[in-house]
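# Structural overview
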Amino acid sequence: MLRNLVDFKDILYFFFFVPSFIRNLNSYGAISFFVLFACSFSMRLEAADVSTWSELKTAIESGSDAIIEIKGNLTADSTINVTRGVAINGNGNTVNASGFAGRCFSVTTTGKVIFNVDDGKALQPLAGSLTFSGGSGGVLVVTDGTVQFFRTNFFNSGDGSKDGGAIQFKGDKLTLNSCSFSGNRGRDGGAIFSQSPVAVLNSTFFSANDSIFLDNAQSTKNSALINNSISSDVELGWPDNA
C-alpha cells in the first residue's frame, strides 16, 4: 500500500523560504523552480507499508518505492532478493525466521540498502528498531552493494555451518550502528563474516559465539570497531572455505 510521508519541516520550508526565493527570480525561473520542486517533492513522498513477508518481498523485488515501512511482525519463509537501493524501517517489529533454512535477504546491487534510516545521532536508542530472530540460514548475504544497519537486533541466527551466522558480507562496505547480537552461530564469524570493510559502532555482542571474522586481506583494511561491547572474538584470518 502506498502512503504519503509529509514532514512538517517541508511545510515550513515551502511557506517561509520559498516565497522570498521566488521574489528574486524572473517569471521563467519561477515557473521552472515550481515544476522541479513539485516533481522532487512528489518523488520523496511515496512509500510502501507492508504487514506480511510476501508484501515485503513484492515491495522490494517488484516495487520502486525508496522507503518501505514494516507495519507488523513478519514470518520469513523465503529469500528476498534485493537488486536496488532501498530503505527498510522496522518500526519496532520482529522478523521471525525460526522455520526457514535460507538467508532472509540476498543483496546484489550497486546501490545502498539501509535497515532503519539513520536518525542522525551518534548513539541511537532502540526505539523503532528491527529484530531478526531465529533462522538456520542467517539474516543476510551480500555479494555487491553497500549495506547499513541502524538499531537492529540479531538473535539466534545461523546453525554454525555457514560463514557469518547472521551476516555474510562480500559487498562494498558494511556499517552497523547501535545494533545487538546474541546467540548467533557461524563457521567463521558467528555474528559477522566479511571480506570487505566493516564499521561497527555503539553495538553489543552478548555471547561468546557472536564473533566477528574479517578476511585477512587488503579488502578489509579500512574496517573500524568503535565504542562496542564485545563478549566474543574479533578474528582476522583466512576463511575455512575461501
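It should be noted that the structure appears before, not after, this text.
Quick caveat: nothing in here was measured; it's all calculated off a predicted structure.

### A look at empty space enclosed by the protein
Within this structure, the stated rule accounts for 1 cavity of 30 Å³ or more. Around the largest cavity, the lining is made up of 13 residues, and of these Gly 158, Asp 159, Lys 162, Gly 165 and Arg 185 lie nearest the centre. Residues of the lining of the largest cavity, tallied by class, amount to no nonpolar, 9 polar and 4 charged.

### Quick word on the pattern of salt bridges
A full pass over the atoms with the stated rule returns 2 salt bridges. Here Glu 61 makes a salt bridge to Lys 57, at a shortest N to O gap of 3.0 Å. Pair noted here: Glu 61 and Lys 57 are both in helix α3 (residues 53–61), with a separation of 4 residues, about one helical turn. When the shortest N-O distance is used, the salt bridge between Arg 187 and Asp 163 registers 3.1 Å. Linking Arg 187 in the loop between β14 (180–182) and β15 (192–194) with Asp 163 in the loop between β11 (152–155) and β12 (167–169), this pair joins segments that are 24 residues apart in sequence. Judged by its relative accessible area of 5%, Asp 163 falls in the buried class.

### Here we look at the pairing of strand β7 (residues 93–96)
Burial along β7 is one-sided: Asn 93 and Val 95 are buried, while Thr 94 and Asn 96, pointing the other way, are not. One ladder, built from 2 bridges, connects strand β4 (residues 74–75) with β7; its direction is parallel. Its bridge partner lying in β7, Thr 75 is registered against Asn 96.

What counts, and at which threshold
Residues numbered from 1 in each chain as written. Predicted model: local features only at pLDDT ≥ 70, side-chain atom pairs only at ≥ 80, totals over all residues. Heavy atoms only, no water. 1 Å grid on protein atoms, 1.4 Å probe; cavity = no way out; pocket = protein on both sides within 12 Å on 5 of 7 lines; lining within 4 Å. Points joined across faces, edges and corners; volume = space filled by probe spheres on them. Nonpolar A, V, L, I, M, F, W, Y, C, P; charged D, E, K, R; others polar. Salt bridge = Lys/Arg side-chain N within 4 Å of Asp/Glu carboxyl O. Helix = DSSP H or I, 4+ residues; strand = E, 2+ residues; numbered from the N terminus. Buried < 20%, exposed > 50% of the residue type's maximum accessible area, 1.4 Å probe, protein only. Pairing = 2+ DSSP bridges.

Everything listed here is a matter of geometry and, on its own, says nothing about what the molecule does.
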